[in-house]
Amino acid sequence: MNFFYLEARKNILRRYTIIALILFLCLNTVKIITDYKSGEIKPVAANTSGMQAGYNEIYEKVKGEITEKTVSFVTSEYQRLDKLTADGTYSRKPQEGTYSGYIFGDYYLFHSYFYPYMEYSVKYSSEMEKVLTQAEENLKFYQENKNKAETTKNAYILDHYNGRSISEFYLYDGWESLLSYDFSDLLILLLLVLAVAPAFTCEKENGMILILSSCKRGRWPMLFSKCGSAVIFSWSITALFALFNLLIFGLLCGFEGWNSPLYAIESYRNTPFSGSVLMFYVLICGAKAIGFSVTVLLLIFLSACFKKSMYPCLAGMGLCIILNYCSGWALSSVWWKQVLACISPFTLTNGNLLLERLLGVSFGGIYVLQIFIVLIVQMVIAYLLIMAIRRKLCCKWK
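The structure presented is a predicted model; accordingly, all values stated were derived computationally and were not measured.

Asker: What is the right way to look at the packing of aromatic side chains in this model?
Answerer: To describe a pair of aromatic rings, you give the distance between the ring centres and the angle between the ring planes. Considering all chains together, one arrives at 21 aromatic pairs under this definition. With 5.3 Å between their ring centres and 75 degrees between their planes, F141 and Y142 make a pair best called edge-to-face. Classification of F141 as partly exposed rests on a relative accessible area of 48%. Taking the relative accessible area as the measure of exposure, Y142 reaches 21% and is therefore partly exposed. Grouping aromatic residues by their ring pairs yields a cluster made of Y55, Y59, F73, Y99, Y108, F110, Y113 and F114.

Laid out in structure tokens, this is it:
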């Protein structure tokens, strides 16, 4: 434990790293608030105060458990306003007894926010029954034609998509934006490069590497303490930014709906994940932490290859840009692009995309989700990087 602490104090928790962390947290907050005010997180936030007041009034009436009363209210109000605005002869002046102050404003609120999402929530169960019926037919067809890949895929659908329903109504704009928010990932990467890239180069520059390499505890304990402290640092700042993002998004948009199933968000209607929205957020943050852990091992390997601190920083940034580009091929149908995406640790920072719909491969009659394949590949890469760092340093220690 002393070695971990000393390595963290010496190489990671430097003054400039702490200052950069504080500045990046402030920058991250400004980015989220700016996006919120511009309507990118919650579209109604960029509208007039009257529209926002009307939105809040309607939302208070319909949020929570879906009942016949709330469904009837949303449907009847939408139909009434649709008839009033259909011929374009409605009054353009402020109207008393409206939610937003204007008839068309009320229609816009129901048409854009409440009716389509209520319809989706109510009809989701019946729509999923159609999917299961089709999957059952597909299963019989592919079994007759001895297509094992499609047989296991449709069997997986029948096992994991059965019994789904949405019992509560919430608007998930904030949660959906949080799950796809990636600006903080860039800040985390910059912090990792700043803190971890000079892991070995600093000791090479001041000559300490020669002294450490001659000591018994300056070899393997030093290697594992450097790798371990860097991995712990990557997990720590990932968790810090994750909690920070959750807090800011929650204060701006509310925490309501955290216990709803993930498929209550329309863009995740076909997700294989059946847990809650909050559980999914924890899951993708854990996947990000693993991805960044592999990234720091890559940075340490580069640090072991160079003598000057500037070189692993530049090489690390260049390599990270290439790997990040490759991660965009995770959803590609081209096999070699999928392979490159699996090799990239940044594919795990896009865990929300990997679980947005059913993506996987059949192995020996078992359907394995793509995110698990990426995790296994990254574990292998992490082991290979540790061995490569050890081998690289062995040349200097012999």
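Asker: Help me out: how do you make sense of the layout of surface pockets in this one?
Answerer: If a probe as big as a water molecule is rolled over the atoms, it shows which places are left empty. Reported here for the largest pocket is a volume of approximately 250 Å³. If you trace the largest pocket, you find it lined by D182, D185, L186, L189, F292, M317, C320, I321, N324, F346, T349 and N350. Mapped onto the lining of the largest pocket, the elements with two or more residues apiece are α8 (183-196) and α13 (310-327). Here the lining of the largest pocket takes 4 residues from α13, the largest share from any one element. Here the residues of the lining of the largest pocket sort into 7 nonpolar, 3 polar and 2 charged. Lining the second largest pocket are 13 residues, with A330, Q338, G360, V361 and Q370 sitting closest to its centre. When residues of the lining of the second largest pocket are traced back to their parent elements, those giving at least two are α14 (335-343), β3 (360-363) and α16 (370-397). For the lining of the second largest pocket, the element with the most residues is α14, which contributes 3 residues. In terms of residue class, the lining of the second largest pocket is built from 7 nonpolar, 5 polar and 1 charged.

Asker: Is there a simple way to think about empty space enclosed by the protein in this case?
Answerer: Inspection of the entire model under this criterion finds 3 cavities of 30 Å³ or more. Taken as a whole, the largest cavity encloses approximately 70 Å³ of empty space. Of the residues forming the lining of the largest cavity, the biggest block, 4 residues, is contributed by helix α11 (residues 220-253). When grouped by side-chain class, the residues that make up the lining of the largest cavity number 7 nonpolar, 3 polar and 2 charged. Here the second largest cavity defines a volume of roughly 50 Å³. What lines the second largest cavity is simply G174, W175, L178, L246, F249, G250, C253, G254 and F255. Contributions of two or more residues to the lining of the second largest cavity are made by α7 (173-180) and α11. With 4 residues, α11 is the largest single contributor of residues to the lining of the second largest cavity. In terms of residue class, the lining of the second largest cavity is made up of 6 nonpolar, 3 polar and no charged.

About the thresholds
Residues numbered from 1 in each chain as written. Predicted model: local features only at pLDDT ≥ 70, side-chain atom pairs only at ≥ 80, totals over all residues. Heavy atoms only, no water. Phe/Tyr/Trp six-rings, centres within 6.5 Å; stacked < 30°, edge-to-face > 60°. Buried < 20%, exposed > 50% of the residue type's maximum accessible area, 1.4 Å probe, protein only. 1 Å grid on protein atoms, 1.4 Å probe; cavity = no way out; pocket = protein on both sides within 12 Å on 5 of 7 lines; lining within 4 Å. Points joined across faces, edges and corners; volume = space filled by probe spheres on them. Helix = DSSP H or I, 4+ residues; strand = E, 2+ residues; numbered from the N terminus. Nonpolar A, V, L, I, M, F, W, Y, C, P; charged D, E, K, R; others polar.

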